[in-house]
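# Results of the structural survey
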Amino acid sequence: MINPMELIDRTIMVTGASSGIGRETAILLSQLGARLILIGRNAEQLNKTLASLEGTAHHVYTFDLSNIDEIPRWMKEVTSASGPLHGLVHSAGLQFTRPLRIMSSENIEELMRVNVTAAIFLAKAFRQKGVSADSGSIVYLSSVMGLVGQSGQSAYSASKGALVTLTKSLALELSRENIRVNCVAPAMVTTEMSGKMLELLTPEQVLQIEAMHPLGLGRPRDVANAIAFLLADTGRWITGTTLVLDGGYTAH
Ligand SMILES: NC(=O)c1ccc[n+]([C@@H]2O[C@H](COP(=O)([O-])OP(=O)(O)OC[C@H]3O[C@@H](n4cnc5c(N)ncnc54)[C@H](OP(=O)(O)O)[C@@H]3O)[C@@H](O)[C@H]2O)c1
């Protein structure tokens, strides 16, 4: 029996591995045979993810990705201990619902720093000599909010839309280095992030959002499966792409 998505002997870094989609992705990748490097700020939650992984030889590192300029040196240090990376998943991200009248420049800058600038610097760090293996695959977490609009989501939408075009440009720039770059664009997935967003809404508004997903809300495993597909050899000929995972949200 073959498993076209197996990841045996691959080392993959997952940011945002302390929660939600990042955690579930790390668990699935370990089940497919990968060694994981788990990144987040909350050590306790990262260790909780670690305890759920299959296999051994995984590593946990706490790092605040808003320290942008430190990312390349830090990733070099991490990989000098773990060996070169075959994949990188940037699942760390911030989201807030904020209409323009209460939006501050600090809010926008904090969001852009983790969602976009860190994404660029993670790629800059990944392509360094010795950091990535002979071939590599990067997967970003965009969102349907980066493809279609939603009131109160302007900053978040802008950051997720930026990842769609960042993916295309980096795919072209890094193809000669044998690095593929793709992103996934989920609609609402039940995690801590979406839970906080739904808490702000009335029951009627929640029902409205649910109704916009003909197949219902997503589960973290729905996104993890697509990320694994892009990282594994099943994604060998795919770069610069945004894979929409939305239960029909954007089919309207
Ligand atoms: N859930 C959804 O409905 C949905 C839909 C579309 C797209 N997405 C995207 O998918 C990704 C994951 O979402 P999620 O729902 O899993 O979110 P989540 O449960 O809120 O997790 C967010 C993760 O980001 C990490 N993080 C935040 N700021 C960080 C920083 N400065 N440095 C390092 N790590 C940081 C957090 O780790 P620490 O707290 O340990 O730092 C946490 O592990 C995000 O990019 C999100 O925009 C989510």
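Heads up: these notes are all about the structure in this document. Here the structure is a predicted model, which is why all the values come from computation and not from measurement.

Before going further, it helps to spend a moment on unusual backbone geometry. Where the residue is not glycine, phi is negative for most of them; where a peptide bond is considered, it is trans in most cases. Here aspartate 9, not a glycine, exhibits a phi torsion of approximately 70°, which is positive. Mapped onto the fold, aspartate 9 is located in the segment before strand E1 (11-15). In this structure, asparagine 178 takes a positive phi of about 65° despite not being glycine. Tracing the backbone through its elements, the reader meets asparagine 178 in the loop between helix H5 (154-174) and strand E6 (179-186).

As a matter of local geometry, the ligand sits amid 30 residues, with Ser18, Ser19, Arg41, Tyr156 and Thr191 nearest to it. Glycine 93 is positioned such that a nitrogen or oxygen atom in its backbone is 3.3 Å from an oxygen atom of the ligand. Note that an oxygen atom of the ligand is positioned 2.8 Å from one of the backbone N or O atoms of valine 189. Taking 890 Å² as the accessible area of the ligand by itself, protein coverage stands at 92%. Of all the secondary-structure elements, those providing two or more residues to the shell around the ligand are helix H1 (20-31), H5 and helix H6 (192-199).

At a minimum axis separation of 9 Å, helix H4 (residues 105-126) and H5 run at an interaxial angle of 15°. In this view, H4 runs roughly parallel relative to H5, as classed from their interaxial angle. In this structure, H4 meets H5 at a crossing whose hand is right-handed. The residues of H5 that touch H4, namely those facing Ile108, Leu111, Met112, Asn115, Val116, Ala119, Ile120 and Ala123, are Ala155, Tyr156, Ala158, Ser159, Lys160, Ala162, Leu163, Leu166 and Leu170. Of the residues belonging to the contact of H4 with H5, the class tally is 14 nonpolar, two polar and one charged.

If you look at the biggest cluster of nonpolar residues, it comprises 33 residues, and the most contacted ones within it are Met13, Ile71, Trp74, Met75, Ile138, Tyr140 and Val181. Every element with two or more residues in this core is listed here: strand E2 (35-40), helix H3 (71-82), strand E4 (85-90), H4, strand E5 (132-141), H5 and E6. With eight residues, H4 is the single largest residue contributor to this core. Residues contacting tryptophan 74, with those up to four places away along its chain left out, are Met13, Ile39, Phe63 and Leu122. Core analysis: the next-biggest nonpolar cluster, separate from the first, contains 28 residues, Ile27, Leu53, Ile227 and Leu230 among them.

Reading guide: rules and limits
Residues numbered from 1 in each chain as written. Predicted model: local features only at pLDDT ≥ 70, side-chain atom pairs only at ≥ 80, totals over all residues. Heavy atoms only, no water. Helix = DSSP H or I, 4+ residues; strand = E, 2+ residues; numbered from the N terminus. Near = heavy atom within 4 Å. Polar contact = N/O pair within 3.5 Å; in protein donor to acceptor, adjacent residues only side chain to side chain. Areas by Shrake-Rupley, 256 points an atom, 1.4 Å probe, with all protein chains shown as cover. Axes fitted to C-alpha atoms, helices over the stretch in contact; angles between N-to-C directions. Parallel < 35°, antiparallel > 145°, perpendicular 65-115°, else oblique. Left-handed = near helix turned anticlockwise from the far one by under 90°. Contact = heavy atoms within 4.5 Å. Nonpolar A, V, L, I, M, F, W, Y, C, P; charged D, E, K, R; others polar. Core = buried A, V, L, I, M, F, W, Y, C linked by side-chain atoms within 4.5 Å. Buried < 20%, exposed > 50% of the residue type's maximum accessible area, 1.4 Å probe, protein only.

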